[in-house]
There are 2 protein chains.
Amino acid sequence: MEQSLPYDNRIDSESSDQVVNPWEVSAKDGGKIDYDKLIDKFGCKRLDESLIDRVERLTGRQPHKFLRRGVFFAHRDFNEILDAYESGERFYLYTGRGPSSEALHLGHLIPFMFTKYLQEAFKVPLVIQLTDDEKFMWKNLTVEESERLARENARDIIACGFDVTKTFIFSDFDHVGGAFYKNMVKVSKCVTLNKAKGIFGFSGEDHIGKLSFPAVQAAPSFPSSFPHLFPGMDKLRCLIPCAIDQDPYFRMTRDVAPRLGYSKPALIESSFFPALQASGENGKMSASDPNSAIYVTDTAKDIKNKINKAKSGGHQFSVDQHELGADLEKDIPFKYLSVFLEDDSELELIRKQYGEKEGIMQTGHVKKRVTEVLTEIVERHRRARAAVTDEMVEAFMAVRPLPSMFE
Amino acid sequence: MEQSLPYDNRIDSESSDQVVNPWEVSAKDGGKIDYDKLIDKFGCKRLDESLIDRVERLTGRQPHKFLRRGVFFAHRDFNEILDAYESGERFYLYTGRGPSSEALHLGHLIPFMFTKYLQEAFKVPLVIQLTDDEKFMWKNLTVEESERLARENARDIIACGFDVTKTFIFSDFDHVGGAFYKNMVKVSKCVTLNKAKGIFGFSGEDHIGKLSFPAVQAAPSFPSSFPHLFPGMDKLRCLIPCAIDQDPYFRMTRDVAPRLGYSKPALIESSFFPALQASGENGKMSASDPNSAIYVTDTAKDIKNKINKAKSGGHQFSVDQHELGADLEKDIPFKYLSVFLEDDSELELIRKQYGEKEGIMQTGHVKKRVTEVLTEIVERHRRARAAVTDEMVEAFMAVRPLPSMFE
């Protein structure tokens, strides 16, 4: 029976050439993640041009570069969210972070930068879950350390510029209970052990905390988990911006939602931000290898050094570079530029002058430019983070109504 | 590795002649539960005379009839609780109920009657867990109905006479969260899926809520789950009076406690109260068969009718009864008397005059006497329950310190 379920991805852990789940992202032989295959297997949809045009029309502003450049590339029912929005209904945003490390890297910031844009563009409330319980259970951390990391990460999240009048940040250790716990239990009652093993690949040697956790991540998808925010708004739809490795949680959530009389959450999903050393875009950056990523705590010098060592698709000799152009698919500095450079026309110019033959740019030029761009982002983040006071963290995390959340 | 663990009772569900776990109690071919075998398998200890004498000495009062008559017959570390008590340390009591039915039967009241005695005799605080989440997950009940039943059952529990200055009653749907949730997660992290399957017999078709629940029942064993009651008293020991079918939960709890730096909870465990129709003492009474038990809502007439139909070990003809005496092992009315009759000497008289040859008592006499005793208990309970106001329920369930809990 299990194998007929659309969200069954046990094949990931057995025979397939790529593994994508919340704890592991890897392609065969260190190659590229095949996102088309992933979309097929997961059963989500590609975010096409017409949807992006529709976002532009509905919000009256240019779509975020992460939409224009395909960083967010897949979705589930995002079209329905737009239908509802167009007809005057509102929705809420839900995203989150597992606080496993002190300092975030740029890949961690991507969903938050994008979520901030969605909040501004659609004028909607946002809940941000800090899964300190998850990190306690999966990592070798104490409860206290997980809670501390959650607070530290909250500062980085707040530094992304969220609107405190529309945003509730909570940690699971703080917030699980009451209506939230009731939804956890309702979800758990709908998911058999076999199904959980199928979706998440749990084994008999995994502890039962891991088996409980998917219901914790599911609960914020339902407005009734936040009675202080959404009283009497049980039909309010939820849109979840996240990296596609989180899809298994929400396939499960979407499967159980109708049985609980709830709406399915919609999703808008990003690809993985490549590691500095990887060729192509294999896998996510690793928080445990400091050289694989640019951290928000890196100095300008750190960034320069890291970018200089990053895998390039350009040619060592300028004659080759001029005759062939760089292999942009293998060029990490260019990939970083294509995510973070704001100006579309400059990016197009670099694509031509560096990636095509007879261009005037070489690896060094691109590395210099991306170093400037990233240094600016990191320094801006650092200034913003330094300005986040304890009082601001308290304000974002206070259990309170958000009276102007749709304004 | 699993099979070497002392609390592994998977054999229950496979090859053994009796099954005892929180959801099933049955002996082979409907025969008697072999409690000696159960004690051996579970690894608890028989509660012997010397311990009961010690209770009498330490509390300065006659031990409860449930101790004198062997209703509570097994324990884990109860001797250590007495050692600590003797040296001036205090402890707290923890018991609970799964609120699956509106009205309780007399078997449900046994642990509460006994716990009330322990609270009075040792002058200690008590937490009572109402597992409305468990009943939602195991039974076909809504969350709201489970919560309602929890409140209704709280009235029956309060009617047993607990001291509101020493007693905190809570429902899981109300109380899970914060420090309690942290302990749940800590416990969950220490129990593998294989271990949980071994202890509780869960299968792949069981839902993950069932797998999460043992940690919910474990958490009240640790004083840090109740920061409003036991602040800074992390070493306070816990004594759990319960029926022996709950032992698997606490074997698990005791196994993980040292790994969390917590004390193991001690246990004092009762046998099962026999069903009215059963011969011998097979199994617990069933809440789903109203004729198998005396309910606290039964009228005097109901009780009379039920006792008259109960399985007797006496002889139909008075000549046989006089020559042989009744088979007390099969006599349900006598078993009920031996649990509920207060007066030891009257009980001994009946045992002789009914159970031995040449006695003067017949089945009818015993049934009449037990009907009187049970009617008095049920009517007293009903009066006490009627006197329990909503305010009293609120008072017992309020999250509050208990400043005179050890006085």
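Residues numbered from 1 in each chain as written. Chains lettered and ligands numbered in written order. Predicted model: local features only at pLDDT ≥ 70, side-chain atom pairs only at ≥ 80, totals over all residues. Heavy atoms only, no water.

Engineer: Can you lay out the overall build of chain A for me, pointing to particular residues and giving the numbers?
Structural biologist: Across its full length, chain A carries 19 helices and nine strands. Rg of the C-alpha trace for chain A: 21 Å, near the compact-globule value of 22 Å for 407 residues, within the 12% margin. Judged by the C-alpha coordinates and their principal axes, chain A covers about 65 × 50 × 45 Å. With 407 residues in all, chain A has 58% of them scored as buried. Restricting to contacts in chain A with at least 6 residues of sequence separation, those with at least 24 account for 77%. Of the roughly 16200 Å² of accessible surface on chain A, a fraction of 50% belongs to carbon and sulfur atoms. (Helix = DSSP H or I, 4+ residues; strand = E, 2+ residues; numbered from the N terminus. Rg over C-alpha atoms; globule rule 2.2 N^0.38 Å. Buried < 20%, exposed > 50% of the residue type's maximum accessible area, 1.4 Å probe, protein only. Contact = heavy atoms within 4.5 Å. Areas by Shrake-Rupley, 256 points an atom, 1.4 Å probe, with all protein chains shown as cover.)

Engineer: Account for helix α18 (residues 363-386) of chain A, naming residues and giving values.
Structural biologist: Given 3.6 residues per helical turn, the α-helix brings residues three or four places apart onto the same face. Along its 24 residues, α18 of chain A runs 34 Å from first to last C-alpha, staying within 8% of the 34 Å computed at 1.5 Å per residue. Contacts from the buried residues of α18 of chain A go to α6 (106-122), α8 (143-158), α14 (300-309), α16 (332-340) and α17 (344-355) of chain A. (Expected span 1.5 Å × (residues − 1).)

Engineer: Could you give an account of the interface of chain A and chain B, with specific residues and numbers?
Structural biologist: Each partner contributes to the interface: chain A provides 35 residues, whereas chain B provides 35 residues. Both sides of the chain A and chain B interface together cover about 3200 Å² of buried area, and 65% of this is carbon and sulfur. A per-residue breakdown of the area chain A buries against chain B is headed by Tyr181, Lys189 and Ile208 of chain A, which together make up 23% of the total. Across the contact surface, chain A and chain B share two salt bridges. For Lys182 of chain A, the salt bridge is made with Glu147 of chain B, and the minimal N-O distance between the two is 2.8 Å. (Buried area = accessible area lost by both parts, 1.4 Å probe. Salt bridge = Lys/Arg side-chain N within 4 Å of Asp/Glu carboxyl O.)

Engineer: Pulling in residues and values, what's your account of a negative patch on the surface?
Structural biologist: A surface patch of like charges, here negative, comprises Asp48, Glu49, Asp53 and Glu56 of chain A. The residue Glu56 of chain A is located in helix α3 (residues 49-59) in this model. (Patch = residues over 30% accessible without salt bridge, like charges linked within 9 Å, V, L, I, M, F, W, Y side chains within 5 Å. Lys, Arg positive; Asp, Glu negative; His and termini not counted. Charge placed at Lys NZ, Arg CZ, Asp CG, Glu CD.)

Engineer: Give a description of the sheet that holds strand β6 (residues 126-130) of chain A that names residues and reports values.
Structural biologist: Across the sheet, seven strands lie side by side as β3-β4-β9-β8-β5-β6-β7 (chain A); this open sheet has mixed pairing. A single partner strand is all that each edge strand has here, and the edge strands are β3 (45-46) and β7 (167-171) of chain A. (Pairing = 2+ DSSP bridges.)

Engineer: Requested: an account of the pairing of strand β5 (residues 91-97) of chain B, with residues and values cited.
Structural biologist: For a regular strand, side chains alternate in direction, first toward one face of the sheet and then toward the other. Residues and elements named next belong to chain B. Within β5, six of the seven residues are buried, which leaves the element mostly enclosed by the surrounding structure. Here β5 pairs with strand β8 (residues 237-243) via three bridges, running parallel. Pairing of Tyr92 across the sheet is with Cys238, part of β8. Examined bridge by bridge, β5 and strand β6 (residues 126-130) share five bridges and lie parallel to one another. Residue pairing in the sheet places Thr95 in a bridge with Ile128 of β6. Read from β5 through helix α6 (residues 106-122) to β6, the crossover connection turns out right-handed. (Right-handed = clockwise from strand over helix to strand, strands pointing away.)

Engineer: I'd like a rundown of the sheet that holds β8 of chain B, residues and numbers included.
Structural biologist: Residues and elements named next belong to chain B. Reading across the sheet, the seven strands line up as β3-β4-β9-β8-β5-β6-β7 and stay open at both edges, with mixed pairing between neighbours. Looking at which strands have only one partner, the edges of the open sheet turn out to be β3 (45-46) and β7 (167-171). Here five bridges tie β6 to β7, and the two strands are oriented parallel to one another. Looking at the pairing, Leu126 lines up with Thr167 of β7.

Engineer: Could you give me a rundown of the domain arrangement of chain A, with the residues and numbers involved?
Structural biologist: Quite often, the size of an interface is put as the accessible area lost when its parts meet. All names here are of chain A. For chain A, the assigned domains are domain 1 (18-276) and domain 2 (298-386). Just the C-alpha atoms count here: the centres of domain 1 and domain 2 sit 30 Å apart. Residue-level contacts link 19 residues of domain 1 with 23 residues of domain 2. Summed over both partners, the interface of domain 1 with domain 2 buries about 1800 Å², with 60% contributed by carbon and sulfur atoms. On the surface where domain 1 and domain 2 come into contact, there are six salt bridges. Two residues, Arg69 and Asp344, come together in a salt bridge whose shortest N-O distance is 2.7 Å. Where domain 1 meets domain 2, there are 13 residue pairs in polar contact (both at pLDDT 80 or more). (Domains from an automatic or database assignment. Polar contact = N/O pair within 3.5 Å; in protein donor to acceptor, adjacent residues only side chain to side chain.)

Engineer: Give a detailed account of the packing of aromatic side chains, specifying residues and quantitative values.
Structural biologist: Under the definition given, this model contains 62 aromatic pairs over all chains. Ring centres of Trp138 of chain B and Phe213 of chain B lie 5.8 Å apart, and the angle between their planes is 75°; on these two criteria the pair is classed as edge-to-face. One end of the pair, Trp138 of chain B, is in helix α7 (residues 132-138); the other, Phe213 of chain B, is in helix α12 (residues 208-218), and 75 residues separate them in sequence. Looking at Phe213 of chain B, the relative accessible area reads 0%, which means it is buried. With a centroid separation of 6.2 Å and 80° between ring planes, the pair formed by Phe168 of chain B and Phe226 of chain B is classed as edge-to-face. Remark: Phe226 of chain B occurs in the loop between α12 and β8 and Phe168 of chain B occurs in strand β7; sequence separation between them is 58 residues. Accessibility classification places Phe168 of chain B together with Phe226 of chain B in one group, the buried group. Joined through ring pairs, the aromatic side chains of Trp23, Tyr94, Trp138, Phe200, Phe202, Phe213, Tyr249 and Phe250 of chain A make up one cluster. A cation over an aromatic ring shows up here: Lys189 of chain A above the ring of Phe136 of chain B, its NZ or CZ 4.3 Å from the ring centre. Above the face of the Phe42 of chain A ring, Arg251 of chain A is positioned so that its terminal group lies 4.0 Å from the ring centre. (Phe/Tyr/Trp six-rings, centres within 6.5 Å; stacked < 30°, edge-to-face > 60°. Lys NZ or Arg CZ within 6 Å of the ring centre and 35° of its normal.)

Engineer: Can you explain the packing of helix α3 (residues 49-59) of chain B against helix α5 (residues 78-86) of chain B? Please cite residues and give values.
Structural biologist: Residues and elements named next belong to chain B. Contact pair α3 / α5: the axes reach a minimum separation of 11 Å and the direction vectors enclose 25°. Judged by the inter-axis angle, α3 sits roughly parallel to α5. In this structure, α3 crosses over α5, and the sense of that crossing is left-handed. Contacts between α3 and α5 involve Leu51, Arg54, Val55 and Leu58 from the former and Phe78, Asn79, Leu82, Asp83, Tyr85 and Glu86 from the latter. (Axes fitted to C-alpha atoms, helices over the stretch in contact; angles between N-to-C directions. Parallel < 35°, antiparallel > 145°, perpendicular 65-115°, else oblique. Left-handed = near helix turned anticlockwise from the far one by under 90°.)

Engineer: Run through the environment of Gly177 of chain A, naming residues and quoting values.
Structural biologist: Relative to the helices and strands, Gly177 of chain A is located in the loop between α9 (172-175) and α10 (178-189). Classification of Gly177 of chain A as buried rests on a relative accessible area of 14%. Distance in space between the C-alpha atoms of Gly177 of chain A and Ser225 of chain A is 9.3 Å, their sequence separation being 48 residues. Every residue in contact with Gly177 of chain A, bar those within four places of it in the chain, is listed here: Val176 and Gly177 of chain B.

Engineer: Summarise the side chain of Asp331 of chain A; cite the residues concerned and give the values.
Structural biologist: Residue and element names in this part refer to chain A. Mapped onto the elements of the fold, Asp331 is located in the loop between α15 (318-324) and α16. Only 3.5 Å separates the side chain of Asp331 from the backbone nitrogen of Gly314, close enough to count as a polar contact. Excluding residues that lie within four positions of it along the chain, Asp331 makes contacts with Lys311, Ser312, Gly313, Gly314 and Tyr354.

Engineer: Describe in detail the nonpolar core, supporting the description with residues and values.
Structural biologist: Among the nonpolar cores identified, the biggest contains 93 residues, and Val127 and Met184 of chain A together with Val127 and Met184 of chain B are the most heavily contacted of them. With sequence-adjacent residues up to four places away left out, Met184 of chain A is seen in contact with Val176, Ala215, Val216 and Ala219 of chain A together with Tyr181 of chain B. (Core = buried A, V, L, I, M, F, W, Y, C linked by side-chain atoms within 4.5 Å.)

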